[in-house]
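Okay, here's what each chain looks like letter by letter:
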Amino acid sequence: MVFLFQNVLKGMPPKAVLPIFWIVLLMFATLPAHAAVIGFDKANSSFSESAGSVTIDLKADSAIRGSAVEVNFTVSGTAGNLDHNLVPYKVFILVGDTSASISFNLVDDSTYEGDETVIVTITSVDGGHSIAVADTHPMTIAEDEAPPSLTLNPLDAAESSGSTGVQVVSDTLSAFDINFSYSTTDGTAIGGTHYTSTSGSGTITAGALNQTISVPVS
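Because the structure is a prediction, the values reported are computed rather than measured. (Residues numbered from 1 in each chain as written. Predicted model: local features only at pLDDT ≥ 70, side-chain atom pairs only at ≥ 80, totals over all residues. Heavy atoms only, no water.)

Enquirer: Could you give me a rundown of the side chain of H137, with the residues and numbers involved?
Expert: Positionally, H137 belongs in strand β9 (residues 136-142). By relative accessible area, which is 2% here, H137 ends up buried. Of the polar contacts made by the side chain of H137, one reaches the backbone oxygen of K42; its length is 3.0 Å. Side-chain polar atoms of H137 contact the side chain of S45, separated by 2.8 Å. H137 has contacts with F40, K42, A43, N44, S45, I56, V118, I119 and V120, leaving out every residue within four places of it along the chain. (Helix = DSSP H or I, 4+ residues; strand = E, 2+ residues; numbered from the N terminus. Buried < 20%, exposed > 50% of the residue type's maximum accessible area, 1.4 Å probe, protein only. Polar contact = N/O pair within 3.5 Å; in protein donor to acceptor, adjacent residues only side chain to side chain. Contact = heavy atoms within 4.5 Å.)

Enquirer: If you had to explain the sheet that holds strand β10 (residues 150-155) to someone new, which residues and values would you point to?
Expert: One open sheet holds the 3 strands; their spatial order is β10-β11-β14, and the pairing between them is antiparallel. Two strands bound the open sheet, and with one partner strand each, they are β10 and β14 (210-216). Taken over all neighbouring pairs, the strand axes of this sheet differ in orientation by 25° on average, direction set aside. Here strand β11 (residues 163-170) pairs with β14 via 7 bridges, running antiparallel. Across the sheet, the residue bridging to S163 is P216, located in β14. (Pairing = 2+ DSSP bridges. Axes fitted to C-alpha atoms, helices over the stretch in contact; angles between N-to-C directions.)

Enquirer: I'd like to hear about the pattern of salt bridges, residue by residue, with values.
Expert: Counted according to the given criterion, the structure contains 1 salt bridge. A salt bridge links K90 to E70; the nearest nitrogen and oxygen atoms lie 3.3 Å apart. Taken together, the residues span a long stretch of sequence, with K90 in the loop between β4 (69-76) and β5 (91-93) and E70 in strand β4 at a distance of 20 residues. Assessed through its relative accessible area of 46%, K90 is described here as partly exposed. (Salt bridge = Lys/Arg side-chain N within 4 Å of Asp/Glu carboxyl O.)

So this is what it looks like as structure tokens:
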């Protein structure tokens, strides 16, 4: 810079020197110290619902220089705020570092929901840095509850009541409707004599634990 300033000074009047000198300085001042590419350290990840505290790691392709990089992101996926506590916030990769972590907690409930996803997408980075082509990280929350199992619970009724019932009972809550089919067979009671043979289908609605089947009795 001193060399450039001295050469300009010899060939121009003093009043023309300062504007050119400051323009050159401004050009260098506005260039980023180093442009890094910001993405994720892994293409995807998976954690059990019972894992508790988890992280998704950001990664720069080289050490950050000049000033910390502010990274903004969005959160989507099939998992909701009852499954985790992650909300968008600003993450900073500090000077000299190549990584930063997005940390949050998973909620271990007793409802069967199947595997769910948390999708983090980088939306912006500052300081002249850029976002990697792979700007999205899908994380799977693996269900730790077994799929619902059904049992039958007969309900006693008087012969004169006209009908009796059998409860179909799920051993766990489910976030989905549970559809089932059923039919009656003779025990000590004879179909057509003591009761009406019955078959059909039913549904235990999401969030419920049982549904009752009605069987006509004579």
